[in-house]
Amino acid sequence: MVLVVVVVLLIIGTVLFHFLSPWYLTPLASNWDTIDLTIDVTFWVTGLVFIVVNSFMAWAIYKYRYDKNRRAEYEPENKKLEWILTGFTAVGVAAMLAPGLFVWAEFVTVPEDAHEVEVVGQQWHWSFRYPGKDGKFGAVESRYVSEDNPFGMEKDDPNGQDDVLIFSPTLHVPINKPLKMNLRSKDVLHNVAVAQFRVKMDMVPGLVSYLWFEPIKLGEYEILCEELCGIGHHTMRGMVVVDEQEDFDAWLDSQPTYAEILGTPKGDPQIGQAQYAACAACHGFQGEGNPLMNAPKIAGQEGWYIRRQIEYFKTGVRGAHPSDEFGAQMAPMAMTLIDDAAVNNVIAYIDTLPQVDSPQTVEGDVERGKDIYTTCGHCHGYEGEGVFAVNAPHLAMDDWYLVRQLKNFRDGVRGAHRDDKYGMQMAMMAAILQDDQRINDVVAYINTLPGPQGDMGAASVASRE
Amino acid sequence: MSDVTHDALDYVPPLEVEEEELYHAKTWLGKYVFCQDAKVIAIQYSLTAIGIGVVALVLSLLMRLQLGFPHEFSIIDPSNYLQFVTMHGMIMVIYLLTALFLGGFGNYLIPLMVGARDMVFPYVNMISYWVYLVAVLVLVASFFVPGGATGAGWTLYPPQAISPGTPGIDGGIILMLVSLALFIIGFTMGGLNYVVTVLQARTRGMSLMRMPLTIWGIFMATVLALLAFPALFVSAIMMLLDKLIGTSFFMPAMISLGEQTSFDGGSPILFQHLFWFFGHPEVYIVALPAFGIVSDVLSVHARKAIFGYRMMVWAIVAIGALSFIVWAHHMYVSGMNPYFGFFFATTTLIIAVPTAIKVYNWVLTLWRGNIKLTVPMIFAIGFIFTFINGGITGLFLGNVTIDLPLSDTYFVIAHFHMVMAVSPVLVVFAAIYHWYPKITGKFMDDTLGQWHFWLTFLGSYAIYLPMHYLGFEGIPRRYFAYGETDFMSASAADLNAAITIAAFVVAFGQLFFFWNLFISYFRGKEAGGNPWEATTLEWQTPHTPPRHGNFDDLPLVYRWAYDYSVPGVEQDYVPQNVSPAEAENLGKGGGEQPT
């Protein structure tokens, strides 16, 4: 009879768990209360069935427990009872299906007044595009995608010139306006999902899918990728910021259009050289770095990576953590580069500095390091050459600097700032290096890699095929 | 009320064809290794399936360690996690459950229960096992090639399955696809046997509507598999071509880690349609044999005819047929034309009706029964409970609207494990405890069986019930770690830790089973020929375990499989091969039945 008691306890326990569970739908932030309602209806119908059928079963097991002096009834069939049960089930199913289909009809029909944004997925990164003043998206093509044209814009399409391109994974949207998201992917499958909005949809290379919702609450909401897209799937995060209309307008105006991006002047190394004097004090005149000053080598580092780090230092995204004492030294220095032009100039100058090999100072087990590096290689390249498309810099950096940064990432000193979207990804990956020895091992292995000097880029991707 | 629902009692058709001489092995190797006897093949299938299933179980524990205690143990990295996700799923669904239910139980039970000496094509049946074994070995080999096993998820969705950024895009995925193709080839040879044996080799009097539901379940599942696996076969071949010679069946023009690729014009969604055209019937390939077996176990141990036999048969057939038009409910948010949602949500919820009928009829079989709570019986009852739970959550996911928030979250994981892992596995255990006495002549130990049941049943419920609620919160599946996720409550991590502990309890519980399986073979209580006093033919064999050829003279069948507690007959069961004349005297002064 233990079984009867346990079944009864499980029924009660399940119902209690449902009502007491602290884990349930997140507070709704979109118009889709009808989805929540459909869930409620389904809970009531199925909950009733769960309780009734299981209780009946428990009662039957108790009532008709074995007794050698009794015989079971011989009743192979009871047509009437079976049809009644079938009828009830059909009614219950219809009661759940009907609201489901009505809400789905709403979901597939985008309101006339919805405004549009394009969400672009790529391995472990989100970017966004607004159609600009003309309300029309410019044409895009997969084969136009390159480092200079990450959206794959068709250069001559007049509709595309005023498109607003947002390469960072943070999207702003106005409150109380239906928003249609056009979804596309540059590489593999992705899925854009915001728990508080309830809706999600896959992004498929080769086609444009869509979803729509109307944000009804100001705030920041995390975007997660919910279709397995490779090793960095769990780090593919973004943010939707729901603004008042005027805040949104101001934000949108501050973002560059495609034409503006095309028109941005390149940095001038001549001017940059003068500005570099301040950097040289620590990083060395050839950008070779100086371990005594805790200044890493910067010669040979990718411009896009240096630009982002300078931005981060300037805005307190990096170097503001109390335990990041060396980052704190860099932050005020970065402030001396007052505008984008200054940053571009100094980067242009750094680009002219000769790449030199760093001395090897870290010892570790190269074989074990190689094993660990299989995870790293997916983003940083199997030769450590760096892959722009996944925002991963090359690793021909000073090894002592790599060790320190890996510890910073792991310990939440770097990459923990809300706006450090890429550092966050590295932090989640560095979590596998809980043991300091593992850090030394992997860095020792990185020391053996050719880095960007080697047979790099496309060639190394091809070599893995 | 009690109108006769089965075929007229005493009709046995005349013999139409002479029996053919059975092939008899002459060597030790032919008897025990390259054996053509379905019973030996069944054991070979079962042991191989359970062996590889244990590997998959260990993989799941390693994943649970990472999820419950992130980075504490540093045993697996993100690549391993995805590889284990993939291999765990694929092994459990195909190489364990499909192989065990059809290759294992199918082979053992079909000839015995329909009154045949063996499968119709014993030689092909033997080849079926050896091809299956090679498929398993190829699968295992994929762990050891450079780059390791594929980490594409068990659904193997392209483009990611063969694109950089995913583990195992070289040897791993190739061996996986080759292994699947081999499995399907092997299965087809076995499957044709099961179908033809059921249709052509039933003994005289065993009409279709007298067959035990176990056979109906396995038969229908095999038909589904023969129709569904080819879809997987072609997708495996096409993906191999995409991978090896750069065709573009599933690969569109796309970028890969910033580099242009030469693919153009393929459709990732086409793969999903093919995969789920196989994948959804696959759910029922596993479920239908479980439905059948549990019906028989319930009936035997409740000493009562299965309730609504005809409805049960038609429900199996209806579910089987409907299972081919619901597949895209796995793809509501795949980016396919969203208008499909209306159709597939409707078909999916309709399938709930025959499924619910089955549940009602199981429960109504207990009603007014005389229930012996033996170990197989408690497993069967445990199944009803978990299956109700898992079926109900299917109504959430099948309803296209609710799938929007829940798709790709832990709710999905909880749902399909409850309905497709816990439930069928409880039936597997019920079946093993039930038929072990026939296979070995010994009972399995009762105390060990009770321990095994309670740890498995309560442990599994503790894993999967709360997991649904993580899904409601929006926590996505296939994440190696969660890091800082805004909407995730801090206590979700505690719950994950608790779930991991429960998973280890369940795994520990299996030790009782394996020990029992082993020790009972040597020290189990002698069971005799028909220990549960069951009516079906496998319990009426002259020898236990049944010898090659199963029966001396083939039995004649006079009645359906569920004559328990028949009014007017003193003994509370009448075997299928007992004629009406003999039945009158059953239990009257005859020898005592062994208990």
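Residues numbered from 1 in each chain as written. Chains lettered and ligands numbered in written order. Predicted model: local features only at pLDDT ≥ 70, side-chain atom pairs only at ≥ 80, totals over all residues. Heavy atoms only, no water.

### Here's the deal with the overall build of chain A
Stated precisely, the cut-off is as follows: Secondary structure elements are taken from DSSP: a helix is a run of H or I of four residues or more, a strand is a run of E of two residues or more, and numbering for both begins at the N terminus. We call a residue buried when its accessible area falls under 20% of the maximum for its residue type, exposed when it is over 50%, and partly exposed in between, using a 1.4 Å probe and counting protein chains only. Note that accessible areas follow from Shrake-Rupley with a 1.4 Å probe, and for residues the cover is restricted to the protein chains shown. Positive: Lys, Arg. Negative: Asp, Glu. His and the chain ends are not part of the count. Think of each charge as sitting on NZ of Lys, CZ of Arg, CG of Asp or CD of Glu.
When helices and strands are tallied, chain A shows 14 helices and ten strands. C-alpha atoms of chain A, sized along the principal axes, occupy 100 × 60 × 45 Å. Within chain A, the fraction of its 465 residues that count as buried is 55%. Carbon and sulfur atoms make up 60% of the accessible area of chain A, which amounts to about 20100 Å² in all. Charged side chains of chain A number 36 positive and 62 negative; the gap between the two group centres comes to 9 Å.

### A few points about the domain arrangement of chain A
Residues and elements named next belong to chain A. Test applied: For each domain, the first and last residues come from an automatic or database assignment. The contact definition used throughout considers only heavy atoms, calling two residues in contact when any of these lie within 4.5 Å. Two parts placed together each lose some accessible area under a 1.4 Å probe, and the buried area is that loss summed for both. Only one rule defines a salt bridge in this text: a Lys or Arg side-chain nitrogen within 4 Å of an Asp or Glu carboxyl oxygen. Any N or O atom pair separated by 3.5 Å or less is treated as a polar contact, with the protein-specific requirement of one donor-capable and one acceptor-capable atom, and with residues adjacent in sequence counted only for side-chain atom pairs.
Annotation of chain A at the domain level lists domain 1 (2–64 + 79–107), domain 2 (115–262), domain 3 (265–356) and domain 4 (358–465). On a C-alpha basis, the centroid separation for the pair domain 1 and domain 2 is 38 Å. The partner domain 2 presents 15 residues to the twelve residues of domain 1 that form the contact. Overall, the association of domain 1 and domain 2 removes approximately 1200 Å² of surface from exposure, summing both partners, and the carbon and sulfur fraction of that is 58%. Where domain 1 touches domain 2, the interface holds one salt bridge. Notably, a salt bridge pairs Arg198 with Asp36, separated by 2.8 Å at the nearest N-O pair. At the surface where domain 1 touches domain 2, the tally comes to ten residue pairs in polar contact (both at pLDDT 80 or more).

### Re the interface of chain B and chain A
Heads up, the condition is: We call Asp, Glu, Lys and Arg charged. Ala, Val, Leu, Ile, Met, Phe, Trp, Tyr, Cys and Pro are nonpolar, and the rest, Gly among them, are polar.
Each partner contributes to the interface: chain B provides 130 residues, whereas chain A provides 115 residues. Here chain B and chain A share an interface that buries about 10800 Å² over both sides, 67% of which is from carbon and sulfur atoms. Considering only the side of chain B, the residues that lose the most area to chain A are B:Leu257, B:Leu404 and B:Tyr469, jointly responsible for 7% of the buried surface there. At the boundary of chain B with chain A, the tally comes to three salt bridges. The partner of A:Arg418 in a salt bridge is B:Asp486, with the nearest N and O atoms 2.9 Å apart. Residue composition of the side of chain B that touches chain A, grouped by class: 77 nonpolar, 35 polar and 18 charged.

### Some details on the packing of helix α7 (residues 268–301) of chain B against helix α13 (residues 410–440) of chain B
Residue and element names in this part refer to chain B. Note the threshold: Helix axes are fitted only over the stretch in contact, all axes being lines through C-alpha atoms; the angle between N-to-C directions runs from 0 to 180 degrees. Just so you know how the angles are binned, under 35 degrees is roughly parallel, over 145 roughly antiparallel, 65 to 115 roughly perpendicular, and the rest oblique. Handedness of a crossing follows from how the near helix is turned relative to the far one, being left-handed for an anticlockwise turn of less than a right angle and right-handed for a clockwise one.
Packing of α7 against α13 leaves a shortest axis separation of 9 Å and a crossing angle of 45 degrees. In terms of their interaxial angle, α7 and α13 are classed as oblique. Handedness of the α7/α13 crossing: left-handed. In this structure, α7 uses Glu282, Val283, Val286, Ala290, Ile293, Val294, Val297, Val300 and His301 to contact α13, whose residues at the interface are Met420, Pro424, Val427, Ala431, His434 and Trp435. Residues that form the contact of α7 with α13 fall into these classes: twelve nonpolar, two polar and one charged.

### Focus on empty space enclosed by the protein
The following threshold applies: Within this scheme a cavity is a closed region of a 1 Å grid, computed over the protein atoms alone, that accommodates a 1.4 Å probe without allowing it to escape, whereas a pocket is open but has protein on both sides within 12 Å along at least five of seven lines; lining residues each have an atom within 4 Å of a point. Grid points are joined across faces, edges and corners, and a volume is the space filled by probe spheres set on the points.
Enumeration over the complete set of coordinates arrives at nine cavities of 30 Å³ or more. In this model, the largest cavity occupies a volume close to 610 Å³. As for the largest cavity, its lining consists of 38 residues, and the residues nearest its centre are A:His380, A:Ala392, A:Pro393, A:Phe409 and A:Met426. Elements with a minimum of two residues in the lining of the largest cavity: α7 (303–315), α10 (366–380), α11 (399–410), α12 (421–430) and α13 (436–447) of chain A. Of the pockets and cavities examined, the second largest cavity occupies roughly 110 Å³. What lines the second largest cavity is a set of 16 residues, among which A:Ala195, A:Arg198, A:Lys200, B:Pro405 and B:Gly474 lie closest to the centre. Secondary-structure elements contributing two or more residues to the lining of the second largest cavity are α12 (400–406) and α14 (446–473) of chain B. Broken down by element, the lining of the second largest cavity gets its largest block of residues, three residues, from α14(B). For the lining of the second largest cavity, the class distribution of residues is eight nonpolar, four polar and four charged.

### Looking at the packing of aromatic side chains
Residue and element names in this part refer to chain B. Note the threshold: Pairing of aromatic rings covers Phe, Tyr and the six-membered ring of Trp, with a centre-to-centre limit of 6.5 Å; geometry is then stacked below 30 degrees between planes, edge-to-face above 60, and tilted otherwise.
Under the defined criterion, the tally for this structure stands at 85 aromatic pairs over all chains. Judged by centre distance (6.0 Å) and plane angle (70 degrees), the ring pair of Tyr81 and Phe480 falls under edge-to-face. In this pair, Tyr81 sits in helix α3 (residues 78–114) while Phe480 sits in the loop between α14 and α15 (491–523), placing the two residues 399 residues apart along the sequence. Phe480 matches Tyr81 in its accessibility class, with the two residues each being buried.

### Concerning the pattern of salt bridges
Counting across every chain of the model gives 20 salt bridges over all chains. Between A:Asp253 and A:Lys133 there is a salt bridge, and its shortest N-O distance comes to 3.7 Å. Taken as a pair, A:Asp253 in helix α4 (residues 245–254) and A:Lys133 in the loop between β2 (125–130) and β3 (164–166) lie far apart in primary sequence, 120 residues in all. There is no split in this pair, since A:Asp253 and A:Lys133 are both exposed. Residues B:Arg303 and B:Asp572 are paired through a salt bridge, measuring 2.9 Å at the closest nitrogen-oxygen approach. You can see B:Arg303 sitting in the loop between α7 and α8 (309–322) and its partner B:Asp572 sitting in the loop between α15 and α16 (580–585), a full 269 residues away along the chain.

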